[in-house]
Amino acid sequence: MKTVILAGGKGTRISSITSEIPKPMIPIDGMPVLEREINNLKSQGFDDIILTVGHLGNIIMDYFGDGSKVSPITGKPFGVKIEYFYETIPLGTAGALFKIKDKLIEDFLLLNADAIFDVDFNRFISFHKKMGGLVTLFTHPNSHPYDSGLIMTDKDGSVKKWLAKEDDRPQFYKNRVNAGLHVISPKVLDIEINTPKIDLDRQILKPLSGTGKMFAYDSPEYVKDMGTPERYYLVQDNFINGIVEAKNLKNKQRAIFLDRDGTINKYAGFIKSPKEFELIPGVANTIKQLNDLGYLVIVVTNQPVIARGEATYETLENIHNKMETLLGEEGAYVDAIYYCPHHPHKGYEGEIPELKIECDCRKPKPGMLLKAAADFNIDLNESWMIGDSQNDILAGINAGCKTALISQKFENYGQDETLTSLNQILDLVNEENKKISR
(Lines give C-alpha, C1' and ligand atoms only; values in the text may rest on other atoms or scores of the structure.)
Protein backbone atom coordinates (compact mmCIF):
# COMPACT_ATOMS: atom_id res chain seq x y z
CA MET A 1 0.00 0.00 0.00
CA LYS A 2 1.30 3.43 -0.95
CA THR A 3 1.60 6.15 1.67
CA VAL A 4 1.12 9.79 0.73
CA ILE A 5 2.54 12.28 3.22
CA LEU A 6 1.48 15.92 2.93
CA ALA A 7 4.60 17.96 3.69
CA GLY A 8 3.95 21.26 1.96
CA GLY A 9 2.59 23.49 4.75
CA LYS A 10 4.37 26.62 5.94
CA GLY A 11 3.77 26.11 9.65
CA THR A 12 3.06 29.78 10.34
CA ARG A 13 1.80 29.17 13.90
CA ILE A 14 5.07 27.55 14.89
CA SER A 15 7.37 29.86 12.92
CA SER A 16 9.29 30.88 16.05
CA ILE A 17 10.77 27.37 16.05
CA THR A 18 10.86 26.53 12.35
CA SER A 19 11.28 29.74 10.34
CA GLU A 20 14.40 28.51 8.48
CA ILE A 21 13.40 24.88 7.95
CA PRO A 22 10.13 23.29 6.80
CA LYS A 23 7.82 22.23 9.58
CA PRO A 24 8.27 18.46 8.92
CA MET A 25 12.00 18.84 9.64
CA ILE A 26 11.52 20.08 13.21
CA PRO A 27 13.62 17.79 15.41
CA ILE A 28 12.03 15.57 18.03
CA ASP A 29 14.78 14.41 20.38
CA GLY A 30 17.35 15.19 17.70
CA MET A 31 15.59 13.60 14.70
CA PRO A 32 13.27 15.35 12.20
CA VAL A 33 9.64 14.51 12.84
CA LEU A 34 9.24 13.39 9.22
CA GLU A 35 12.10 10.92 9.63
CA ARG A 36 10.39 9.51 12.71
CA GLU A 37 7.17 9.12 10.69
CA ILE A 38 9.02 7.30 7.92
CA ASN A 39 10.77 5.02 10.41
CA ASN A 40 7.42 4.15 11.99
CA LEU A 41 5.96 3.32 8.57
CA LYS A 42 8.98 1.32 7.44
CA SER A 43 8.97 -0.80 10.61
CA GLN A 44 5.46 -1.95 9.70
CA GLY A 45 6.14 -2.68 6.03
CA PHE A 46 5.01 0.60 4.48
CA ASP A 47 8.02 1.58 2.36
CA ASP A 48 6.43 3.01 -0.82
CA ILE A 49 6.03 6.73 -0.12
CA ILE A 50 5.00 9.85 -2.02
CA LEU A 51 5.90 13.17 -0.39
CA THR A 52 4.07 16.30 -1.49
CA VAL A 53 6.32 19.28 -0.75
CA GLY A 54 6.19 23.03 -1.22
CA HIS A 55 7.58 25.70 1.12
CA LEU A 56 11.32 24.98 1.61
CA GLY A 57 10.67 21.58 0.06
CA ASN A 58 14.19 21.39 -1.36
CA ILE A 59 15.46 20.86 2.20
CA ILE A 60 13.26 17.76 2.55
CA MET A 61 14.24 16.45 -0.90
CA ASP A 62 17.94 16.94 -0.25
CA TYR A 63 17.70 15.20 3.14
CA PHE A 64 15.82 12.06 2.09
CA GLY A 65 16.57 11.81 -1.62
CA ASP A 66 14.83 8.80 -3.16
CA GLY A 67 14.85 6.99 0.20
CA SER A 68 18.08 5.10 -0.41
CA LYS A 69 20.27 7.77 1.22
CA VAL A 70 21.88 7.28 4.61
CA SER A 71 20.34 9.08 7.57
CA PRO A 72 22.77 11.60 9.11
CA ILE A 73 21.17 10.79 12.47
CA THR A 74 21.32 6.98 12.51
CA GLY A 75 24.02 6.33 9.93
CA LYS A 76 21.73 3.77 8.28
CA PRO A 77 19.84 3.92 4.96
CA PHE A 78 16.29 5.19 5.18
CA GLY A 79 15.35 1.95 3.45
CA VAL A 80 12.25 3.20 1.63
CA LYS A 81 11.25 4.32 -1.85
CA ILE A 82 10.33 8.01 -2.02
CA GLU A 83 8.76 9.97 -4.89
CA TYR A 84 7.96 13.69 -4.74
CA PHE A 85 5.38 16.09 -6.00
CA TYR A 86 6.57 19.69 -5.71
CA GLU A 87 3.89 22.37 -5.46
CA THR A 88 5.23 25.42 -7.27
CA ILE A 89 2.10 27.25 -6.16
CA PRO A 90 0.04 26.30 -3.08
CA LEU A 91 -2.74 23.86 -4.02
CA GLY A 92 -4.40 23.45 -0.64
CA THR A 93 -4.38 20.32 1.51
CA ALA A 94 -5.80 18.08 -1.25
CA GLY A 95 -4.79 19.73 -4.52
CA ALA A 96 -1.67 17.60 -4.91
CA LEU A 97 -3.72 14.40 -4.68
CA PHE A 98 -5.44 15.24 -7.96
CA LYS A 99 -2.06 15.87 -9.59
CA ILE A 100 -0.75 12.41 -8.61
CA LYS A 101 -4.01 10.44 -8.92
CA ASP A 102 -2.57 8.33 -11.75
CA LYS A 103 -0.13 6.87 -9.20
CA LEU A 104 -2.93 6.03 -6.75
CA ILE A 105 -4.50 2.92 -8.25
CA GLU A 106 -5.51 1.29 -4.96
CA ASP A 107 -6.38 2.32 -1.40
CA PHE A 108 -3.60 4.40 0.16
CA LEU A 109 -2.55 5.88 3.48
CA LEU A 110 -2.73 9.66 3.68
CA LEU A 111 -0.83 11.33 6.52
CA ASN A 112 0.30 14.78 7.58
CA ALA A 113 4.03 15.41 7.93
CA ASP A 114 3.74 17.70 10.95
CA ALA A 115 2.50 15.17 13.51
CA ILE A 116 4.27 12.78 15.79
CA PHE A 117 2.62 9.38 15.96
CA ASP A 118 3.26 5.77 16.80
CA VAL A 119 0.29 3.68 15.73
CA ASP A 120 -0.42 0.15 14.57
CA PHE A 121 -1.19 0.86 10.91
CA ASN A 122 -1.96 -2.76 10.06
CA ARG A 123 -4.69 -2.76 12.69
CA PHE A 124 -6.03 0.51 11.23
CA ILE A 125 -6.07 -0.88 7.69
CA SER A 126 -7.72 -4.13 8.79
CA PHE A 127 -10.60 -2.09 10.19
CA HIS A 128 -10.85 -0.16 6.92
CA LYS A 129 -11.08 -3.36 4.90
CA LYS A 130 -13.62 -4.84 7.29
CA MET A 131 -15.94 -1.82 6.99
CA GLY A 132 -15.59 -1.61 3.22
CA GLY A 133 -15.91 2.16 2.96
CA LEU A 134 -14.20 4.65 0.70
CA VAL A 135 -12.50 6.45 3.59
CA THR A 136 -11.55 5.57 7.14
CA LEU A 137 -10.56 8.37 9.50
CA PHE A 138 -8.29 7.75 12.47
CA THR A 139 -10.15 9.43 15.34
CA HIS A 140 -9.41 9.95 19.00
CA PRO A 141 -10.28 12.21 21.92
CA ASN A 142 -7.99 15.15 22.57
CA SER A 143 -7.36 17.79 25.22
CA HIS A 144 -8.89 20.65 23.25
CA PRO A 145 -12.09 19.46 21.54
CA TYR A 146 -13.63 22.90 21.97
CA ASP A 147 -11.40 24.31 19.17
CA SER A 148 -11.15 21.13 17.06
CA GLY A 149 -13.32 19.74 14.30
CA LEU A 150 -15.66 17.03 15.61
CA ILE A 151 -16.56 13.69 14.05
CA MET A 152 -19.99 12.24 14.89
CA THR A 153 -20.76 8.62 14.10
CA ASP A 154 -23.49 6.01 14.14
CA LYS A 155 -23.09 2.90 16.29
CA ASP A 156 -21.40 1.06 13.43
CA GLY A 157 -18.71 3.75 13.18
CA SER A 158 -20.15 5.33 10.04
CA VAL A 159 -19.54 9.08 10.03
CA LYS A 160 -22.91 10.80 10.10
CA LYS A 161 -21.71 14.37 10.64
CA TRP A 162 -18.49 16.34 10.39
CA LEU A 163 -18.39 19.61 12.27
CA ALA A 164 -15.55 21.90 11.22
CA LYS A 165 -14.16 24.43 13.68
CA GLU A 166 -16.34 27.18 12.24
CA ASP A 167 -19.57 25.15 12.30
CA ASP A 168 -22.18 25.51 15.02
CA ARG A 169 -22.04 22.62 17.44
CA PRO A 170 -24.44 21.25 20.04
CA GLN A 171 -24.09 22.33 23.65
CA PHE A 172 -22.73 18.89 24.58
CA TYR A 173 -20.79 16.61 22.25
CA LYS A 174 -18.64 13.49 22.15
CA ASN A 175 -14.92 14.21 22.19
CA ARG A 176 -14.03 12.55 18.89
CA VAL A 177 -11.54 14.37 16.66
CA ASN A 178 -9.98 13.56 13.29
CA ALA A 179 -6.29 12.89 13.99
CA GLY A 180 -5.12 13.50 10.42
CA LEU A 181 -4.41 9.86 9.48
CA HIS A 182 -6.56 8.33 6.75
CA VAL A 183 -7.04 5.29 4.55
CA ILE A 184 -8.54 6.47 1.27
CA SER A 185 -9.82 4.82 -1.89
CA PRO A 186 -8.71 6.55 -5.12
CA LYS A 187 -12.40 6.55 -6.12
CA VAL A 188 -12.75 9.57 -3.82
CA LEU A 189 -10.72 11.56 -6.36
CA ASP A 190 -13.15 10.81 -9.21
CA ILE A 191 -14.83 14.18 -8.83
CA GLU A 192 -14.31 17.54 -10.49
CA ILE A 193 -13.37 20.52 -8.35
CA ASN A 194 -12.48 23.79 -10.08
CA THR A 195 -11.19 25.90 -7.18
CA PRO A 196 -7.47 26.90 -7.30
CA LYS A 197 -6.94 25.34 -3.88
CA ILE A 198 -8.68 22.20 -2.66
CA ASP A 199 -9.33 21.63 1.03
CA LEU A 200 -9.14 17.96 2.00
CA ASP A 201 -11.48 18.17 4.98
CA ARG A 202 -14.12 20.58 3.71
CA GLN A 203 -14.28 19.70 0.01
CA ILE A 204 -13.40 15.98 -0.08
CA LEU A 205 -14.09 14.31 3.25
CA LYS A 206 -16.85 16.31 4.91
CA PRO A 207 -19.26 15.80 1.95
CA LEU A 208 -18.99 12.02 2.54
CA SER A 209 -20.66 12.40 5.94
CA GLY A 210 -24.00 10.65 6.11
CA THR A 211 -23.38 8.60 2.95
CA GLY A 212 -22.35 5.40 4.73
CA LYS A 213 -19.05 5.45 2.80
CA MET A 214 -16.80 6.95 5.49
CA PHE A 215 -15.97 5.38 8.85
CA ALA A 216 -14.17 6.38 12.03
CA TYR A 217 -11.51 4.15 13.56
CA ASP A 218 -11.29 5.11 17.24
CA SER A 219 -7.93 4.54 18.87
CA PRO A 220 -6.14 5.92 21.95
CA GLU A 221 -2.75 5.65 20.25
CA TYR A 222 -0.48 8.68 20.23
CA VAL A 223 -1.09 11.19 17.44
CA LYS A 224 -0.39 14.88 18.05
CA ASP A 225 0.20 17.75 15.69
CA MET A 226 2.75 20.40 16.52
CA GLY A 227 0.81 23.44 15.39
CA THR A 228 1.99 25.68 18.21
CA PRO A 229 5.22 26.00 20.21
CA GLU A 230 3.38 24.79 23.32
CA ARG A 231 2.26 21.58 21.61
CA TYR A 232 5.74 21.06 20.17
CA TYR A 233 7.37 21.13 23.59
CA LEU A 234 4.69 18.78 24.97
CA VAL A 235 5.29 16.30 22.14
CA GLN A 236 9.04 16.53 22.72
CA ASP A 237 8.61 15.69 26.41
CA ASN A 238 6.19 12.84 25.66
CA PHE A 239 8.62 11.31 23.19
CA ILE A 240 11.60 11.51 25.53
CA ASN A 241 9.56 10.03 28.38
CA GLY A 242 8.53 7.03 26.26
CA ILE A 243 4.81 7.85 26.20
CA VAL A 244 4.62 8.06 22.39
CA GLU A 245 5.90 4.54 21.76
CA ALA A 246 4.12 3.01 24.74
CA LYS A 247 0.69 4.08 23.44
CA ASN A 248 1.00 1.91 20.31
CA LEU A 249 -1.63 -0.81 20.68
CA LYS A 250 0.89 -3.50 19.78
CA ASN A 251 2.12 -2.87 23.35
CA LYS A 252 0.19 -3.84 26.47
CA GLN A 253 -1.65 -0.83 27.88
CA ARG A 254 -2.26 0.27 31.45
CA ALA A 255 -5.72 1.58 32.20
CA ILE A 256 -7.59 3.36 34.94
CA PHE A 257 -11.16 2.04 34.90
CA LEU A 258 -13.58 4.47 36.51
CA ASP A 259 -17.10 4.01 37.72
CA ARG A 260 -19.23 7.00 36.77
CA ASP A 261 -21.80 7.99 39.42
CA GLY A 262 -20.11 8.95 42.66
CA THR A 263 -16.65 8.70 41.12
CA ILE A 264 -16.68 11.17 38.22
CA ASN A 265 -19.94 12.99 38.89
CA LYS A 266 -21.76 13.79 42.10
CA TYR A 267 -23.98 10.89 43.12
CA ALA A 268 -27.63 11.76 42.52
CA GLY A 269 -29.28 8.36 42.36
CA PHE A 270 -30.05 7.06 38.89
CA ILE A 271 -29.43 10.00 36.55
CA LYS A 272 -32.12 10.28 33.91
CA SER A 273 -31.17 13.55 32.15
CA PRO A 274 -28.08 15.67 31.44
CA LYS A 275 -29.38 18.32 33.84
CA GLU A 276 -28.70 15.97 36.75
CA PHE A 277 -25.05 15.41 35.79
CA GLU A 278 -22.46 17.48 37.68
CA LEU A 279 -18.73 16.78 37.77
CA ILE A 280 -17.11 16.30 41.17
CA PRO A 281 -14.70 19.23 41.71
CA GLY A 282 -11.11 18.28 40.92
CA VAL A 283 -11.98 15.15 38.93
CA ALA A 284 -11.21 16.74 35.56
CA ASN A 285 -7.75 17.79 36.72
CA THR A 286 -7.02 14.27 38.01
CA ILE A 287 -8.14 12.69 34.73
CA LYS A 288 -6.01 15.19 32.80
CA GLN A 289 -2.95 14.14 34.80
CA LEU A 290 -3.73 10.47 34.15
CA ASN A 291 -3.99 11.31 30.44
CA ASP A 292 -0.59 13.01 30.59
CA LEU A 293 0.94 9.99 32.33
CA GLY A 294 -0.10 7.75 29.41
CA TYR A 295 -2.82 5.73 31.15
CA LEU A 296 -5.99 4.87 29.29
CA VAL A 297 -8.95 6.32 31.19
CA ILE A 298 -12.03 4.16 30.62
CA VAL A 299 -15.49 4.58 32.13
CA VAL A 300 -17.39 1.39 33.04
CA THR A 301 -20.87 2.02 34.38
CA ASN A 302 -24.07 0.10 35.12
CA GLN A 303 -27.04 1.93 33.62
CA PRO A 304 -30.20 -0.01 34.55
CA VAL A 305 -32.26 3.11 33.76
CA ILE A 306 -32.28 1.86 30.16
CA ALA A 307 -33.75 -1.56 30.99
CA ARG A 308 -36.22 0.03 33.39
CA GLY A 309 -37.47 2.38 30.68
CA GLU A 310 -36.51 5.47 32.69
CA ALA A 311 -34.08 6.79 30.08
CA THR A 312 -33.42 6.10 26.40
CA TYR A 313 -30.13 5.27 24.74
CA GLU A 314 -30.22 8.77 23.24
CA THR A 315 -30.62 10.34 26.69
CA LEU A 316 -27.70 8.31 28.03
CA GLU A 317 -25.60 9.41 25.07
CA ASN A 318 -26.45 13.04 25.85
CA ILE A 319 -25.45 12.53 29.50
CA HIS A 320 -22.11 11.11 28.41
CA ASN A 321 -21.69 13.90 25.87
CA LYS A 322 -22.08 16.39 28.70
CA MET A 323 -19.45 14.53 30.69
CA GLU A 324 -17.02 14.59 27.76
CA THR A 325 -17.71 18.26 27.04
CA LEU A 326 -17.14 19.33 30.64
CA LEU A 327 -13.94 17.28 30.87
CA GLY A 328 -12.72 18.68 27.56
CA GLU A 329 -13.22 22.24 28.74
CA GLU A 330 -10.59 21.47 31.39
CA GLY A 331 -8.20 19.68 29.03
CA ALA A 332 -9.16 16.14 30.10
CA TYR A 333 -10.70 13.22 28.23
CA VAL A 334 -11.79 9.61 28.60
CA ASP A 335 -10.57 7.11 26.02
CA ALA A 336 -13.74 5.01 25.99
CA ILE A 337 -17.08 4.53 27.73
CA TYR A 338 -18.62 1.10 28.34
CA TYR A 339 -22.05 0.77 29.89
CA CYS A 340 -24.37 -2.06 30.81
CA PRO A 341 -28.03 -1.32 29.94
CA HIS A 342 -29.37 -4.52 31.53
CA HIS A 343 -31.16 -5.17 34.80
CA PRO A 344 -32.12 -8.64 36.06
CA HIS A 345 -35.15 -7.72 38.18
CA LYS A 346 -38.49 -7.55 36.39
CA GLY A 347 -41.70 -5.80 37.30
CA TYR A 348 -41.05 -2.11 36.56
CA GLU A 349 -43.68 -0.12 34.69
CA GLY A 350 -42.38 0.79 31.25
CA GLU A 351 -39.45 -1.64 31.42
CA ILE A 352 -37.77 -3.03 28.27
CA PRO A 353 -38.34 -6.82 28.45
CA GLU A 354 -35.40 -7.82 26.24
CA LEU A 355 -33.02 -5.96 28.57
CA LYS A 356 -34.33 -7.55 31.79
CA ILE A 357 -31.78 -10.34 31.74
CA GLU A 358 -28.84 -11.80 33.60
CA CYS A 359 -25.86 -10.60 31.58
CA ASP A 360 -22.07 -10.82 31.68
CA CYS A 361 -21.47 -7.07 31.65
CA ARG A 362 -23.32 -5.79 34.72
CA LYS A 363 -20.90 -5.17 37.58
CA PRO A 364 -19.84 -7.04 39.73
CA LYS A 365 -19.29 -9.21 36.66
CA PRO A 366 -16.19 -8.16 34.73
CA GLY A 367 -17.62 -8.15 31.20
CA MET A 368 -17.10 -4.46 30.47
CA LEU A 369 -13.50 -4.56 31.67
CA LEU A 370 -12.77 -7.70 29.68
CA LYS A 371 -14.26 -6.17 26.53
CA ALA A 372 -12.12 -3.04 26.96
CA ALA A 373 -9.04 -5.21 27.53
CA ALA A 374 -9.68 -7.01 24.24
CA ASP A 375 -10.38 -3.77 22.37
CA PHE A 376 -7.27 -1.94 23.58
CA ASN A 377 -4.77 -4.69 24.48
CA ILE A 378 -4.90 -3.81 28.18
CA ASP A 379 -2.83 -5.55 30.84
CA LEU A 380 -5.51 -5.96 33.50
CA ASN A 381 -3.01 -6.96 36.17
CA GLU A 382 -1.29 -3.58 35.79
CA SER A 383 -4.54 -1.61 35.69
CA TRP A 384 -6.85 -0.14 38.35
CA MET A 385 -10.60 -0.32 38.85
CA ILE A 386 -11.83 2.61 40.93
CA GLY A 387 -15.34 3.19 42.18
CA ASP A 388 -17.50 3.96 45.18
CA SER A 389 -19.36 0.66 45.62
CA GLN A 390 -18.83 -3.00 46.37
CA ASN A 391 -19.86 -3.92 42.83
CA ASP A 392 -17.03 -1.79 41.43
CA ILE A 393 -14.46 -3.48 43.63
CA LEU A 394 -15.73 -6.99 42.88
CA ALA A 395 -15.76 -6.27 39.13
CA GLY A 396 -12.14 -5.16 39.35
CA ILE A 397 -11.14 -8.22 41.38
CA ASN A 398 -13.00 -10.53 38.97
CA ALA A 399 -11.14 -8.94 36.05
CA GLY A 400 -7.76 -9.26 37.78
CA CYS A 401 -7.23 -5.53 38.33
CA LYS A 402 -5.89 -3.66 41.31
CA THR A 403 -8.79 -1.95 43.05
CA ALA A 404 -9.45 1.26 44.95
CA LEU A 405 -12.63 2.24 46.78
CA ILE A 406 -13.58 5.90 47.06
CA SER A 407 -15.22 6.18 50.47
CA GLN A 408 -15.34 8.28 53.60
CA LYS A 409 -16.40 5.26 55.69
CA PHE A 410 -13.51 2.89 54.89
CA GLU A 411 -15.65 -0.17 54.15
CA ASN A 412 -13.72 -3.34 53.32
CA TYR A 413 -14.79 -5.12 50.14
CA GLY A 414 -11.37 -6.63 49.50
CA GLN A 415 -10.02 -3.54 47.74
CA ASP A 416 -6.27 -2.90 47.56
CA GLU A 417 -6.62 0.76 48.53
CA THR A 418 -9.22 3.09 50.02
CA LEU A 419 -9.25 6.69 48.79
CA THR A 420 -11.16 9.69 50.06
CA SER A 421 -10.98 11.30 46.59
CA LEU A 422 -10.03 10.26 43.08
CA ASN A 423 -7.05 12.61 43.19
CA GLN A 424 -5.23 10.21 45.54
CA ILE A 425 -4.80 7.68 42.72
CA LEU A 426 -2.07 9.94 41.37
CA ASP A 427 0.17 9.20 44.34
CA LEU A 428 -0.28 5.46 43.76
CA VAL A 429 0.43 5.47 40.03
CA ASN A 430 3.37 7.85 40.40
CA GLU A 431 4.89 5.48 42.94
CA GLU A 432 4.31 2.57 40.55
CA ASN A 433 6.05 4.48 37.77
CA LYS A 434 9.04 5.17 40.00
CA LYS A 435 9.40 1.44 40.70
CA ILE A 436 9.21 0.64 36.99
CA SER A 437 11.86 3.24 36.11
CA ARG A 438 14.22 1.75 38.69
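Our subject is the structure that appears above.
The residue numbers shown here count from 1 along each chain, following its written sequence. Two thresholds apply to this predicted model, a pLDDT of at least 70 for residue-level local features and 80 or more for giving and counting side-chain atom pairs, whereas whole-chain, interface and lining totals are computed over all residues. Heavy atoms throughout the structure, all of them, feed into the side-chain values; hydrogens and water do not.

Colleague: Which parts of the structure should I look at to understand helix α9 (residues 283–292)?
Modeller: Given 3.6 residues per helical turn, the α-helix brings residues three or four places apart onto the same face. Working definition: with a 1.4 Å probe on protein chains only, accessible area under 20% of the residue-type maximum means buried, over 50% means exposed, and in between means partly exposed. We count a stretch as a helix when DSSP gives it H or I for four or more residues in a row; a strand needs E for two or more, and each element gets its number in order from the N terminus. Looking only at α9, the buried set comprises V283, A284, T286, I287, L290 and N291. End-on, the buried residues of α9 take up no more than an arc of 160°, which puts them together on one face. Each direction from the helix axis to a C-beta atom contributes to the arc, which is the arc of those directions.

Colleague: What's the story with the sheet that holds strand β11 (residues 177–184) in this structure? I'm lost.
Modeller: Hydrogen bonds along the backbone pair up the strands of a sheet, which may run parallel or antiparallel. Being paired, for any two strands, means DSSP has found at least two bridges between them. If you walk across this open sheet you meet the seven strands as β5-β4-β1-β6-β11-β8-β12, and the pairing is mixed. Strand pairing shows two members of the sheet lacking a second neighbour, β5 (81–86) and β12 (214–218), which therefore form its edges. With strand direction ignored, the average angle separating the axes of adjacent strands in the sheet is 25°. For strand β1 (residues 3–7) and strand β4 (residues 48–53), the ladder comprises five bridges, and the chain directions are parallel. Note on β4: the bridge partner recorded for A7 is V53. Any two residues whose heavy atoms approach within 4.5 Å are treated as being in contact. Structural elements are reduced to axes, namely lines fitted to C-alpha atoms, with helices fitted over the stretch in contact, and the angle between N-to-C directions of any two is expressed from 0 to 180 degrees. With respect to the sheet, helix α2 (residues 33–43) is in contact with β1, β4, β5 and β6 (108–112), its orientation differing from that of β1 by roughly 170°.

Colleague: For this particular structure, what's the right way to read the packing of aromatic side chains?
Modeller: Any pair of aromatic rings gets described here by the distance separating the centres and the angle formed by the planes. Here is the rule: rings of Phe, Tyr and Trp (six-membered ring for Trp) pair when centre to centre is within 6.5 Å. Planes less than 30 degrees apart are stacked, more than 60 are edge-to-face, and the remainder are tilted. If you walk through the whole model with that rule in mind, you get eleven aromatic pairs. Between F46 and F121 the ring centres are 6.1 Å apart and the planes differ by 70°, which places this aromatic pair in the edge-to-face class. Of this pair, F46 sits in the loop between α2 and β4 while F121 sits in helix α5 (residues 121–131), placing them 75 residues apart in sequence. Three or more aromatic residues joined by ring pairs make a cluster, and in this case those are F124, F127, F138 and Y217. The rule for a charge over a ring is simple: NZ of Lys or CZ of Arg within 6 Å of the ring centre, and within 35 degrees of the ring normal. Between the NZ or CZ atom of R169 and the centre of the ring of Y173, over which it lies, the distance is 5.2 Å. If you follow K224 out to its NZ or CZ, it ends over the ring of Y222, 5.6 Å from the centre.

Colleague: What is the right way to look at the sheet that holds strand β17 (residues 384–387) in this model?
Modeller: The strand order β16-β15-β14-β17-β18-β19 describes an open sheet built from six strands, whose pairing is parallel. Only two strands of the sheet have a single partner each, and these edge strands are β16 (336–340) and β19 (417–419). The sheet shows a mean angle of 20° between the axes of neighbouring strands, taken without regard to direction. Pairing of β17 with strand β18 (residues 402–406), which is carried by four bridges, proceeds in the parallel orientation.

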